[in-house]
Amino acid sequence: MEKAKNDIHKTGYGTYVLIWLILVGLTIATVTASGFNLGDFTLIIALLIAAIKSGFVINIFMHIKFEDKIFKVFLGLAFMTLLAVFVLTSFDVFFR
Amino acid sequence: MENADTASYVDFYHAEGKHKGILSWLLTTDHKRIGLMYMCSMMTFMLIGMTLGVLMKIEMLTPGKTIVSAQTYNAMFTLHGLIMIFLFIIPGLPAIFGNFMLPLQIGARDVAFPRLNLLSWYFYMTGGIFAILSLFLRGGPIDTGWTFYIPYSIRTGTDVILPLLAAFILGFSSIITGINFVTTIHRMRAPGMGFFKMPLFVWSLYATAWIQIIATPIIGITIILVIIERLFQMGIFDPALGGDPLLFQHLFWIYSHPAVYIMILPAMGAVSEIIPTFAKRTIFGYKAIAYSSLAIAFIGYFVWAHHMFTSGISETSRFIFSLLTFLVAIPSGVKVFNWVATLYKGSITPGVPLLFVMLFVFLFSIGGLTGLVLGSLATNAHLHDTYFVVAHFHYVMFGGTVMIFFGALHYWFPKMFGKMYNEKIAKWTIPVIFVGFNMLYFTMFILGYEGMPRRYWDYLPKYQTLHVISTVGSWILVTGIIIMLVNLINGLRKGPKAPMNPWGGKTLEWTVPSPPPVYNFEEIPVITHGPYYYGGEEEK
Ligand code: HEM
Ligand SMILES: [Cu+2]
């Protein structure tokens, strides 16, 4: 509990605005990248940018960075599931 | 221990609350009342669904038109599927028995978020009402089948968006329940109750809750995408606009396969409660059963494309998904063997709930094994989209989950209502249900094997005999179910008072009076034994 109390003050409005600007920047990057024909990499790059964006949102906006370990474990589990689902889907998409 | 017969306590039906009359239900935060509200609404939907099923079977008595037009038939199987899946069997056991029993079984006074719990019921009702409303809108009742497959679902003139929204809202209800249960199980267990001293029903609710939390958002997003596609023709799924219709099938089944484990896992949990109670013996392989729930939940995420073998997905993925599908049989087998081992040399009382469990083991085994037939690539090509599939999923969902729904109802009825039903009549409904069920659905295996496609209103004359047997079976089955329900209602109205622990169960819900007081436990119990302790050495 002590730990949580101290952490509340860690993120100020400045950080939130900064993260928001980064997110806007990355969105522009996604839109720009979709204009080029990168073949099979189109998908991977789009997913990569999306992953970075969600990393910021989850850690800062959703405050997971400052939470107990158990929440990180749960989130990690959900993330691994999602990853496995992507890999399995790719066996269809890339071998069709 | 206090005695149920002493009048020294006020049960939750009669306790003074902030509100009176109907409001004491609609504004309640008591997990027991919420469980009962779910029960009333869900049983209503179940009866509507069954009526539709019986009407469909009457239509199939003769080739061509018997009572309804082809278009009406399409709407009927869609609605039947939607109601049974989204309004009955997915919320099913967790929302009713989970809500009522979870806090009791772990020695808590309520769930972690009682208000959120009430909200989930309102979401559930909103979803249900949307689904019903959509029948009376412009396009008429939806006719896509409960699977909403693209491209038909963006082309059909019937109203698709409102039923989709209904499913979306029902998804939220499901997620909220999941979050509530995970938090409750982590934070509110009685002192001394480690994870491995929890009743197995609680374990199954825990595994189920994780599926609800992780898988349900996917159907939510998919639904939004279909609505966008239908309204704005974006070209996400529609092949005519450059979209990928298989993408929809992937997304749909990434949720809907794990969803079948949302349906069956809590039922398996209830089985693990009923068997030790009626065998008077601790459960065999407690940890194996607990872990197999998690294993089923986990593997269940990675088999979804077995619904798509004939859809044109890649050869590689067909091979992989067929293999993964076979893996699910292992943890399921672990459970069945442990149940049988528990019964072995037990001192068995053939009570009504145990008879329902027997019915379940028999019917679910047929359903599960025919699942493997469908999971093999070669046989799947022959059987896909035939009545074989219809038979298979009724055996697992109806023969599996719904039979245990009935079993759990008979098991916990005395606790929930403080009354007993007539056990003799209840026992007699079981053979009736057994005969009706197998006549209704076993014929469908043969029909499908011989080539009768599912979702067809018309058929060749050679299929008629089997269809007639099947239809007569549906009447027998429904007769059995009606007798069962009337018997329960009679018990409710004028049954004798139920004792605190009619079956000799060992879990905590049997240590409080029937029906329980508002806050369940006068004093929170301290746990020293495993949940099914009948004396002797305990498994480590
Ligand atoms: C009285 C009981 C029931 C009867 C007579 C019945 C009958 C039927 C029939 C005739 C069909 C359509 C077959 C076709 O033309 O393809 C069907 C489909 C279906 N049933 Fe049942 N059923 C009953 C109970 C249940 C239960 C309890 C569940 C689930 C818990 C269920 C779930 C479904 C689903 C998901 C479909 C597929 C709908 C679709 O194709 O979109 N049914 N049922
Ligand atoms: Cu499946």
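Residues numbered from 1 in each chain as written. Chains lettered and ligands numbered in written order. Predicted model: local features only at pLDDT ≥ 70, side-chain atom pairs only at ≥ 80, totals over all residues. Heavy atoms only, no water.

### Quick notes on the overall build of chain B
Step number 1: Within chain B, the secondary structure is distributed over 16 helices and 0 strands.
Step number 2: In terms of overall size, chain B behaves like a compact globule, its C-alpha atoms giving a radius of gyration of 23 Å where 540 residues would be expected to give roughly 24 Å.
Step number 3: With the principal axes as the frame, chain B shows a C-alpha extent of 70 × 50 × 45 Å.
Step number 4: Per-residue burial over chain B gives 59% buried out of 540 residues. (Helix = DSSP H or I, 4+ residues; strand = E, 2+ residues; numbered from the N terminus. Rg over C-alpha atoms; globule rule 2.2 N^0.38 Å. Buried < 20%, exposed > 50% of the residue type's maximum accessible area, 1.4 Å probe, protein only.)

### Focus on the coordination of the iron atom of ligand 1
Residues and elements named next belong to chain B.
Step number 1: Bound to the iron atom of ligand 1 on the protein side are His80 (NE2) and His394 (NE2), at distances that span 2.0 Å.
Step number 2: Coordination geometry of the iron atom of ligand 1: the 6 donor atoms subtend angles of 86 to 179° at the metal centre, consistent with an arrangement described as octahedral. Of this pair, histidine 80 sits in helix α3 (residues 70-89) while histidine 394 sits in helix α14 (residues 387-417), and the two are 314 residues apart along the sequence. (Donors = N, O, S within 2.8 Å, 3.2 Å for Na, K, Ca; no water. Tetrahedral: all angles 85-135°; square planar, octahedral: opposite > 155°, others 65-115°.)

### Quick look at the coordination of the copper ion (ligand 2)
Residue and element names in this part refer to chain B.
Step number 1: Taken together, the protein ligands of the copper ion (ligand 2) are His257 (ND1), His306 (NE2) and His307 (NE2), with distances of 1.7 to 2.0 Å.
Step number 2: We classify histidine 257 as buried; its relative accessible area is 5%.
Step number 3: The exposure class assigned to histidine 306 is buried, which follows from its relative accessible area of 15%.

### Structural notes on the nonpolar core
Step number 1: One finds Phe97 and Met416 of chain B to be the most contacted residues of the largest nonpolar core, which totals 179 residues.
Step number 2: Leave out the neighbours within four places in its chain, and methionine 416 of chain B touches Phe12, Tyr13, Leu36, Met39, Ile96, Phe97, Phe100, Met101 and Pro515 of chain B. (Core = buried A, V, L, I, M, F, W, Y, C linked by side-chain atoms within 4.5 Å. Contact = heavy atoms within 4.5 Å.)

### Some thoughts on the site of ligand 1
Residues and elements named next belong to chain B.
Step number 1: Within the structure, ligand 1 sits among 26 residues, and Tyr73, His80, Trp146, His394 and Arg455 are positioned closest to it.
Step number 2: Between an oxygen atom of ligand 1 and a side-chain N or O atom of tyrosine 73, the distance comes to 2.7 Å.
Step number 3: Within the backbone of arginine 455, an N or O atom sits 2.4 Å from an oxygen atom of ligand 1.
Step number 4: Every element with two or more residues in the shell around ligand 1 is listed here: α2 (31-59), α3, α14 and α15 (423-449).
Step number 5: Partitioned by chemical class, the residues of the shell around ligand 1 number 18 nonpolar, 5 polar and 3 charged. (Near = heavy atom within 4 Å. Polar contact = N/O pair within 3.5 Å; in protein donor to acceptor, adjacent residues only side chain to side chain. Nonpolar A, V, L, I, M, F, W, Y, C, P; charged D, E, K, R; others polar.)

### Focus: empty space enclosed by the protein
All names here are of chain B.
Step number 1: For the coordinates displayed, the defined rule picks out 4 cavities of 30 Å³ or more.
Step number 2: Reported here for the largest cavity is a volume of approximately 150 Å³.
Step number 3: Lining the largest cavity are 17 residues; nearest its centre among them are Phe86, Ile90, Pro91, Leu170 and Ser174.
Step number 4: Of all the elements in the fold, those that place two or more residues in the lining of the largest cavity are α4 (92-106), α7 (161-187) and α8 (200-232).
Step number 5: Among the elements that take part in the lining of the largest cavity, α7 stands out by supplying 6 residues, more than any other.
Step number 6: Here the lining of the largest cavity is built from residues that sort into 11 nonpolar, 6 polar and no charged.
Step number 7: Of the voids in this model, the second largest cavity is the one considered here, and its volume is about 90 Å³.
Step number 8: In terms of lining residues, the second largest cavity is bounded by Leu79, Leu82, Phe86, Leu87, Gly127, Ala131, Ser134, Pro163, Ala166, Ala167 and Leu170. (1 Å grid on protein atoms, 1.4 Å probe; cavity = no way out; pocket = protein on both sides within 12 Å on 5 of 7 lines; lining within 4 Å. Points joined across faces, edges and corners; volume = space filled by probe spheres on them.)

### Overview of the packing of aromatic side chains
We describe a pair of aromatic rings using the distance from one ring centre to the other and the angle between the two ring planes.
All names here are of chain B.
Step number 1: Under the defined criterion, the tally for this structure stands at 50 aromatic pairs over all chains.
Step number 2: For the pair tyrosine 301 and phenylalanine 302, a centre-to-centre distance of 6.2 Å together with 45° between the ring planes defines the contact as tilted. As far as the burial class goes, tyrosine 301 and phenylalanine 302 line up, both buried.
Step number 3: What links up through ring pairs into an aromatic cluster is the set Phe88, Phe97, Phe201, Phe278, Phe356, Phe405, Phe406, Tyr411, Trp412, Trp503 and Trp510. (Phe/Tyr/Trp six-rings, centres within 6.5 Å; stacked < 30°, edge-to-face > 60°.)

### A look at the interface of chain A and chain B
Step number 1: Listed per partner, the contact involves 12 residues of chain A and 19 residues of chain B.
Step number 2: For the pair chain A and chain B, the summed buried surface comes to about 1,400 Å²; carbon and sulfur atoms form 78% of the total.
Step number 3: By the criterion of area lost to chain B, the three top residues of chain A are Phe74, Leu88 and Arg96 of chain A, representing 38% of everything that side buries.
Step number 4: Taken together, the connections running from chain A to chain B amount to 1 salt bridge.
Step number 5: In this structure, the connection of chain A to chain B is made through 4 residue pairs in polar contact (both at pLDDT 80 or more). (Buried area = accessible area lost by both parts, 1.4 Å probe. Salt bridge = Lys/Arg side-chain N within 4 Å of Asp/Glu carboxyl O.)

### Side note on α14 of chain B
Residues lying three or four places apart along an α-helix face the same way, a consequence of the helix completing one turn every 3.6 residues.
Residues and elements named next belong to chain B.
Step number 1: Along its length, α14 reaches its greatest deviation from straightness, about 45°, at tyrosine 411, and the proline proline 414 lies no more than four positions downstream.
Step number 2: Counting buried positions over the 31 residues of α14 gives 30, a clear majority of the element.
Step number 3: Within two residues after α14, glycine 418 carries a phi angle of roughly 70°, on the positive side. (Bend = angle between axes of the 7 residues up to and from the residue.)

### Some words on the confidence of the model for chain B
All names here are of chain B.
Step number 1: Overall, the prediction assigns chain B a mean pLDDT of 93, with 98% of residues at 70 or greater.
Step number 2: Per-residue pLDDT stays below 50 along residues 1-6; that stretch engages in 10 contacts with residues further than four places along the chain or on separate chains.
Step number 3: Per the prediction output, this complex has pTM 0.93; the corresponding ipTM is 0.86. (pLDDT = per-residue confidence, 0-100.)

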